[in-house]
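Close look at the chain arrangement
Spelled out, the chains give:
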Amino acid sequence: MPNGAVTERVVIVRGEGCTVWDADDNELLDAAGGGVWHSPIGHGRRDMAEIAAAQMSRIEFFTSLYEFSNDQAIRLAARLAQLAPEGIERVAFSSGGSEAVETAIKAARLYHHRQGEPDRTWILARHYAFHGATYGSGTATGFPPMQFGVGPNLPHVEKLSPPYLYRADQLYPDQDPTDFLIAELEETIARIGAGNIAAMLGEPVMAGAGVLAPPADYWPRVREVLSRHGILLIADEVVTAPGRLGEWFMSDKLGMQPDMITMAKGIAGGYAPLGATLMRDEIADALLRDGGFFHGYTFQGHPVACALGLATLDIIEREDLLGNARRIAGWLRSGLAPAVDLPVVGDLRVEGTLAALELISEPVHRTPMGWDQVIAVAFEVRRAHGVIVRPYGSNLVLAPPLVLTEAEARRATAATVEVLRRLHPDGTLAPC
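Residues numbered from 1 in each chain as written. Predicted model: local features only at pLDDT ≥ 70, side-chain atom pairs only at ≥ 80, totals over all residues. Heavy atoms only, no water.

This next bit is on the pairing of strand β3 (residues 27-30). The sheet contact formed by strand β2 (residues 19-22) and β3 spans three bridges and is antiparallel. If you follow T19 over to β3, its bridge partner there is L29. The loop that links β2 with its antiparallel partner β3 comprises four residues; one of these, D25, has a positive phi angle of about 65°. As paired elements, β3 and strand β14 (residues 387-388) share two bridges and run parallel to each other. Across the sheet, residue L29 finds its bridge partner in β14, namely V387. (Pairing = 2+ DSSP bridges. Helix = DSSP H or I, 4+ residues; strand = E, 2+ residues; numbered from the N terminus.)

Right under this line is the structure:
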């Protein structure tokens, strides 16, 4: 997230695997997935460059709007439908995650309108969720700075509490977390009116919130409530799919049974901008009748991006990167475990290749450490050890490419722990 106090720029000029080099030829280990939960197959792959060049030599671009499409977009849509949870078989492409979420919000509202329920316009989202930075997706995002000073924002968006187990005693005192969250959901539906709500938008695991994994019964119970009230469920898998948590898609594994799925980031390996909104047949059919879905983006279904998307899926499968994601989870968990006993670390959360260390300045009340202090910690990990990790609120986050080796995981985790050992509760760092 941009910070006005940050004026330093690290200019990255080349990469190979999990290593990148800056303009001063400093070698850096990318433990943050291109800095934004990205780059699953690693940097600088010649095979991807060759695929892009071959596609460009055939056709670099032609619109996918109206009656046009291209072979690569059709092939990628078919492959995603094959990998997606059962019943998710239709694909609308975009250029990234914000656009994919924007498409899902519009699709949910139009679906209900076409079904004869035009009052279903409300979108339920959650505090601390990140869903994008465009008008609709930015309003759904659960970080107030995204909406500050740029309003009025998209109307009819309501935020719910997240499944934040580290702070359960503060958020859900004397209650089972899932019981509290389901009661809050039911109360919100009753207050707004079920007949006014189009969809709920949620990440299977909340990445930007600090890698918050829900209790096992959370998503199945949410799904039951939404189904009972005729409300769609949109799984935001922009970070988690494909493969970041060791599964092609995580939503179905957690019992979400989504009606739509948004994805982007790693879908084309980071080699071209690409996003997608996947949906059930009945939703797509409703959108396409009565004049169709008057919606689209210039670069949707871009043939080069889609060719790279197909290649990315092939590489994930061929190189067993789903399996490696599960191995990375173990390496991160064991490597970061020594940090748990430090007074500045409140919690360690690891889900697949996502890891978050929640930093605190006071343990009794678990006071979150300030963002500027966490930024300074991330800068020091890079300065002292040549390892790139990401500050995100009070969390220090690792999200390496799925090609990370065990030796690279040891280097990244050791560097992180070493700097945290020098971090004082007031946010100052002792020298090396």
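Okay, back to it.
Taken N-terminus to C-terminus, the directions of helix α11 (residues 321-336) and helix α13 (residues 406-421) make an angle of 30°; their axes are 9 Å apart at the nearest point. When the axes of α11 and α13 are compared, the pair comes out roughly parallel. In the packing of α11 onto α13, the handedness of the crossing is right-handed. Between α11 and α13, the contacting residues are W331, L332, G335 and L336 on the first element and E406, A409, T413, T416 and V417 on the second. For the contact of α11 with α13, the per-class residue count stands at five nonpolar, three polar and one charged. (Axes fitted to C-alpha atoms, helices over the stretch in contact; angles between N-to-C directions. Parallel < 35°, antiparallel > 145°, perpendicular 65-115°, else oblique. Left-handed = near helix turned anticlockwise from the far one by under 90°. Contact = heavy atoms within 4.5 Å. Nonpolar A, V, L, I, M, F, W, Y, C, P; charged D, E, K, R; others polar.)

It is worth spelling out helix α8 (residues 218-228) at this point. Turning to α8, its buried residues are Y218, W219, V222, R223, V225 and L226. Angular distribution of buried residues about the axis of α8 spans 165°; they occupy a single face of the element. Positive phi shows up at G230, right after α8, with a value of about 70°. (Buried < 20%, exposed > 50% of the residue type's maximum accessible area, 1.4 Å probe, protein only. Arc of directions from axis to C-beta.)

Moving on: helix α12 (residues 371-385). Look at α12: 21 Å from first C-alpha to last across 15 residues, which is about the 21 Å you get at 1.5 Å a residue. Within the span of α12, buried status applies to V374, I375, V377, A378, E380, V381 and R382. Where the residues of α12 are buried, they touch β3, β12 (354-362), β14, β15 (390-392), β16 (395-398) and α13. Of the residues flanking the end of α12, it is G386, one or two places downstream, whose phi is positive at about 65°. (Expected span 1.5 Å × (residues − 1).)

Judged by nonpolar contacts, the single largest core of 62 residues is most densely connected at L80, F93, L185, M200, F249 and L278. For this core, the leading source of residues is helix α10 (residues 303-318), giving nine residues. Excluding residues within four positions of it along the chain, L278 makes contact with L80, A84, I88, R90, V91, F249, D259, M260, I261 and M263. Core analysis: the next-biggest nonpolar cluster, separate from the first, contains 34 residues, L348, L357, L404 and A415 among them. (Core = buried A, V, L, I, M, F, W, Y, C linked by side-chain atoms within 4.5 Å.)

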